[in-house]
Amino acid sequence: MDTRGWGGTLYRYRTEAAQSAIREYEKIAVANGMSLTELSLRWCKQRSLITTTLVGHSNMKQLKESIKFFQNKDPLSEQVMWDIDVVHMKNRTPIFSSNRVGKDWLGEGEIGEPIP
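Residues numbered from 1 in each chain as written. Predicted model: local features only at pLDDT ≥ 70, side-chain atom pairs only at ≥ 80, totals over all residues. Heavy atoms only, no water.

(A) Broad picture of the confidence of the model for the protein chain. Model confidence for the protein chain is summarised by a mean pLDDT of 79, while 70% of its residues fall at 70 or above. Put simply, helix H1 (residues 7–10) is where the protein chain has its lowest mean pLDDT, 60, and helix H3 (residues 36–46) is where it has its highest, 92. (pLDDT = per-residue confidence, 0-100. Helix = DSSP H or I, 4+ residues; strand = E, 2+ residues; numbered from the N terminus.)

(B) The arrangement of H3 in detail. Within H3 the residues assigned to the buried category are Glu-38, Leu-39, Leu-41, Arg-42 and Cys-44. Packing partners of the buried residues in H3 comprise helix H2 (16–31), helix H4 (60–71) and helix H5 (78–90). (Buried < 20%, exposed > 50% of the residue type's maximum accessible area, 1.4 Å probe, protein only. Contact = heavy atoms within 4.5 Å.)

(C) Highlighting H5. An ideal rise of 1.5 Å per residue puts 18 Å on 13 residues; H5 measures up with 19 Å between its terminal C-alpha atoms. Looking at H5, one finds that the buried residues are Val-80, Met-81, Ile-84 and Val-87. Mapping the buried residues of H5 onto a view down its axis gives an arc of 120 degrees, with all of them on the same face. Those residues of H5 that are exposed and angled more than 90 degrees off the buried face are Glu-78 and Lys-90. In this structure, the buried residues of H5 make contact with H2 and H3. (Expected span 1.5 Å × (residues − 1). Arc of directions from axis to C-beta.)

(D) Here's a closer look at the pattern of salt bridges. This model, assessed by the stated rule, comprises two salt bridges. Where Glu-24 meets Lys-90, a salt bridge forms, and the shortest distance between an N and an O atom there is 2.9 Å. Of the two residues, Glu-24 is situated in helix H2 and Lys-90 in helix H5; the sequence distance between them amounts to 66 residues. You can call Glu-24 partly exposed: its relative accessible area is 23%. (Salt bridge = Lys/Arg side-chain N within 4 Å of Asp/Glu carboxyl O.)

(E) Representation of the packing of H2 against H5 in the model. As a packed pair, H2 and H5 sit with axes 10 Å apart at the nearest point and diverge in direction by 170 degrees. With respect to each other, H2 and H5 are oriented roughly antiparallel. In this structure, H2 uses Ala-21, Glu-24, Tyr-25 and Ile-28 to contact H5, whose residues at the interface are Val-80, Asp-83, Ile-84, Val-87, His-88 and Lys-90. (Axes fitted to C-alpha atoms, helices over the stretch in contact; angles between N-to-C directions. Parallel < 35°, antiparallel > 145°, perpendicular 65-115°, else oblique.)

Here it is in structure tokens:
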């Protein structure tokens, strides 16, 4: 785990549950002929309650690829949207998902946050 910066906060994205969800999302993307990035961006664009999508790029090629996905007018199919929802329903809150809970668990999550 990272020991400085956002490392403790971002740990929730590296839990086994989160990694499993990422693998499942990638399977959906590949099965539908797109990258995980395209699936993610098109999903964001299609959700009516999402008003802003933050993206990060390391180079101009990635930026151009993302812009291309946002310009795609074709919505994801209802089946793809459902498949994404099924993965999400299995793991709604990755911060509380862990396979590393033992007898020493004292009501805290992976990064020390209290669990009600």
